[in-house]
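Descriptive analysis of the structure
Residues per chain are reported as follows:
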Amino acid sequence: MSDNVKINRGLKGIYFERSGVSDIDGAKGELSYRGYSIHDLATHSTFEEVCYLLIHGELPTADQLAEFDASLKSARVLPAPVLDIIRATKDGHPMDVLRTAVSALAALEPNSQQVGEDAFVANGIRLISQVPIIIAAHDAIRNDREVVAPDMGLSHAGNWLWMLKGEKPTPEATRLADVDFILHAEHGANASSFAARVTIGTETNLHGGIVTALSTLAGPAHGGAAEDVMKMVHDIGTPDKAAAYVKAKRAAKEAVTGFGHRVYRKEDPRARHMRDGVRQLGAEMGAPEWYEILQAVVEAMQPYARHGLNVNVDFYSGVIYQLHGIAMDLYVPIFAIGRMPGWIIQCIEQQRGNILIRPLTLYNGPEPRAYIPINTR
């Protein structure tokens with residue numbers, strides 16, 4: 001039998017389901033949500049609009065957006081015991097604290113146990129609002145600061161920055177965070193979304209799926225690229241050292257962080273929007289050298305583009321967070337803030353036509369053998 005079985009390790013190239021959410025053309029370097037180009041959405045939409053689009057399938061009217069936004073804002077609250085849990089785990093990694101807090105919400109909020117599409121939408125809206133609050137609250141608590149109360153007059157992105165830093169963000173900073181969330185909102189059957197689908201396939205509640213997704217995103221092979229890029233930038237130091245850094249990495253057959261993607265063979269279509277953000281923010285803050293180092297790395301990597309080693313979205317994200325003075329261990333949690341609507345709709349899609357996801361492994365262990373009693377081993 002084994003001679004006739006083809007193993008696709010990592011399920012590479014395998015279609016396991018149909019989806020009407022995001023379309024990725026890796027060969028052309030294109031991405032769309034519900035048929036809308038990521039470039040149009042990143043240029044013209046807000047994160048709230050994109051959340052609505054992903055969950056409901058269409059861009060909202062003004063009235064629909066106002067109602068949806070009101071629902072998000074009304075959910076900007078955490079049960080007091082969750083804050084106690086954050087205090088008890090304050091020395092943990094932010095991803096571990098976030099996962100623990102979301103799991104606690106499943107036990108503390110009775111509605112979280114409900115299943116069905118309407119329940120998933122309602123619980124999803126709450127979680128979209130609660131996740132950034134958990135992250136900001138943890139950062140305040142671990143740094144011995146008071147937890148900042150949410151500002152109902154600010155957008156989702158603006159409130160996130162307000163709660164994290166305790167100062168009102170500029171319109172430019174808010175818009176850049178908004179675009180960052182839009183670009184990370186959904187990306188097909190990536191590791192965390194697939195893992196969430198596996199969990200929902202067992203007919204559990206939405207919180208269970210999100211906890212699984214968070215656990216999967218925490219791994220450096222999935223969510224750690226932005227942090228690794230920032231470490232690389234610090235290692236390089238100045239733009240004139242980028243070429244030598246890349247040459248040494250390639251000679252050692254080591255990857256250059258921020259280049260290459262499991263799907264895209266051309267430049268990640270999301271990257272251009274973050275690139276513009278780094279350039280503008282760096283100039284505004286009097287720190288253009290970060291952008292200059294990144295672009296020097298891009299130039300040094302140009303000969304390898306034909307092999308599919310093109311820049312990806314996370315190449316620029318870390319520098320934006322650095323310019324805002326955000327701790328490196330918050331980079332992956334920020335990814336999670338943006339990915340929430342994508343995880344939610346993936347869970348909803350899985351539930352609609354649910355089937356238990358149960359692939360096979362091809363046995364390659366010992367041949368059948370006689371059992372040996374313990375006294376003769």
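Let us look at the structure shown here. Quick caveat, the model's predicted, so the values are computed rather than measured.

1. Notes on the overall build of the protein
Check the secondary structure of the protein and you find 17 helices and 3 strands. Within the protein, the proportion of its 377 residues that are buried is 50%. Sequence-distant contacts in the protein: of pairs separated by 6 or more residues, those separated by 24 or more amount to 75%. Put simply, the protein shows about 18,400 Å² of open surface, and 52% of that area lies on carbon and sulfur atoms. Within the protein, the 44 negative side-chain charges are centred at a point lying 8 Å from the centre of the 37 positive side-chain charges.

2. Describing the packing of aromatic side chains
Tallied over the entire structure, the rule returns 5 aromatic pairs. Geometrically, the ring pair formed by Phe-315 and Tyr-316 is edge-to-face, given 5.0 Å between the ring centres and 85° between the ring planes. Each member of the pair, Phe-315 as well as Tyr-316, carries the same accessibility label: buried. Ring geometry for Tyr-321 against Tyr-331: centres 5.0 Å apart, planes inclined by 55°, an arrangement best described as tilted. Linking Tyr-321 in helix 16 (residues 314-323) with Tyr-331 in helix 17 (residues 331-352), this pair joins segments that are 10 residues apart in sequence. Of the two residues, Tyr-321 and Tyr-331, both sit in the buried class.

3. Looking at the sheet that holds strand 2 (residues 30-33)
The sheet built from 3 strands is open, its strands ordered 1-2-3 with antiparallel pairing. Both edges of this open sheet fall to strand 1 (22-25) and strand 3 (36-37), since each of them pairs with a single strand only. The pairing of strand 2 with strand 3 spans 2 bridges and is antiparallel. In the sheet register, Tyr-33 faces strand 3, and the bridge partner there is Tyr-36.

4. A word on unusual backbone geometry
At Arg-34, a position not held by glycine, the phi torsion is positive, near 55°. Among the structural elements, Arg-34 can be located in the loop between strand 2 and strand 3. For Asp-144, which is not glycine, the phi dihedral falls at a positive 60°. Along the polypeptide, Asp-144 turns up in the loop between helix 6 (117-142) and helix 7 (156-165). You can call Asp-144 exposed: its relative accessible area is 68%.

5. What about the packing of helix 12 (residues 225-236) against helix 15 (residues 289-301)?
At their nearest, the axes of helix 12 and helix 15 sit 10 Å apart, and the two run at 95° to each other. Classified by the angle between their axes, helix 12 and helix 15 sit roughly perpendicular to one another. Along the contact surface, helix 12 presents Val-229, Met-230, Met-232, Val-233, His-234 and Ile-236, while helix 15 presents Trp-290, Ile-293, Leu-294 and Val-297. The residue makeup of the contact of helix 12 with helix 15, split by class, is 9 nonpolar, 1 polar and no charged.

6. Re helix 17
Over its 22 residues, helix 17 extends 32 Å from the first C-alpha to the last, a length consistent with the 32 Å expected when each residue adds 1.5 Å. Helix geometry: helix 17 is bent most strongly at Arg-339, by close to 50°, with proline Pro-341 lying one to four residues after it. Along helix 17, 20 of the 22 residues are buried, which leaves the element largely enclosed by surrounding structure.

7. Some thoughts on the pattern of salt bridges
Counted under the stated rule, the structure contains 14 salt bridges. Across the pair Asp-139 and Arg-142 runs a salt bridge whose closest N-O atoms are separated by 3.0 Å. Taken as a pair, Asp-139 and Arg-142 lie in helix 6 at a separation of 3 residues, close to a single helical turn. Here Asp-139 falls in the buried class, since its relative accessible area comes to 9%. On the accessibility criterion, Arg-142 (22% relative accessible area) is partly exposed. Salt bridges sharing partners connect three or more residues here, namely Asp-139, Arg-142, Arg-145 and Asp-329.

8. Quick word on the packing of helix 6 against helix 17
With their axes 10 Å apart at the nearest point, helix 6 and helix 17 run at an angle of 170° to one another. Considering the angle they form, helix 6 stands roughly antiparallel to helix 17. Contacts between helix 6 and helix 17 involve Glu-117, Phe-120, Val-121, Gly-124, Leu-127, Ile-128, Val-131, Pro-132 and Ile-135 from the first element and Pro-333, Ile-337, Met-340, Pro-341, Ile-344, Cys-347, Ile-348, Gln-351 and Arg-352 from the second. Partitioning the contact of helix 6 with helix 17 into residue classes produces 14 nonpolar, 2 polar and 2 charged.

So, how was this worked out
Residues numbered from 1 in each chain as written. Predicted model: local features only at pLDDT ≥ 70, side-chain atom pairs only at ≥ 80, totals over all residues. Heavy atoms only, no water. Helix = DSSP H or I, 4+ residues; strand = E, 2+ residues; numbered from the N terminus. Buried < 20%, exposed > 50% of the residue type's maximum accessible area, 1.4 Å probe, protein only. Contact = heavy atoms within 4.5 Å. Areas by Shrake-Rupley, 256 points an atom, 1.4 Å probe, with all protein chains shown as cover. Lys, Arg positive; Asp, Glu negative; His and termini not counted. Charge placed at Lys NZ, Arg CZ, Asp CG, Glu CD. Phe/Tyr/Trp six-rings, centres within 6.5 Å; stacked < 30°, edge-to-face > 60°. Pairing = 2+ DSSP bridges. Axes fitted to C-alpha atoms, helices over the stretch in contact; angles between N-to-C directions. Parallel < 35°, antiparallel > 145°, perpendicular 65-115°, else oblique. Nonpolar A, V, L, I, M, F, W, Y, C, P; charged D, E, K, R; others polar. Expected span 1.5 Å × (residues − 1). Bend = angle between axes of the 7 residues up to and from the residue. Salt bridge = Lys/Arg side-chain N within 4 Å of Asp/Glu carboxyl O.

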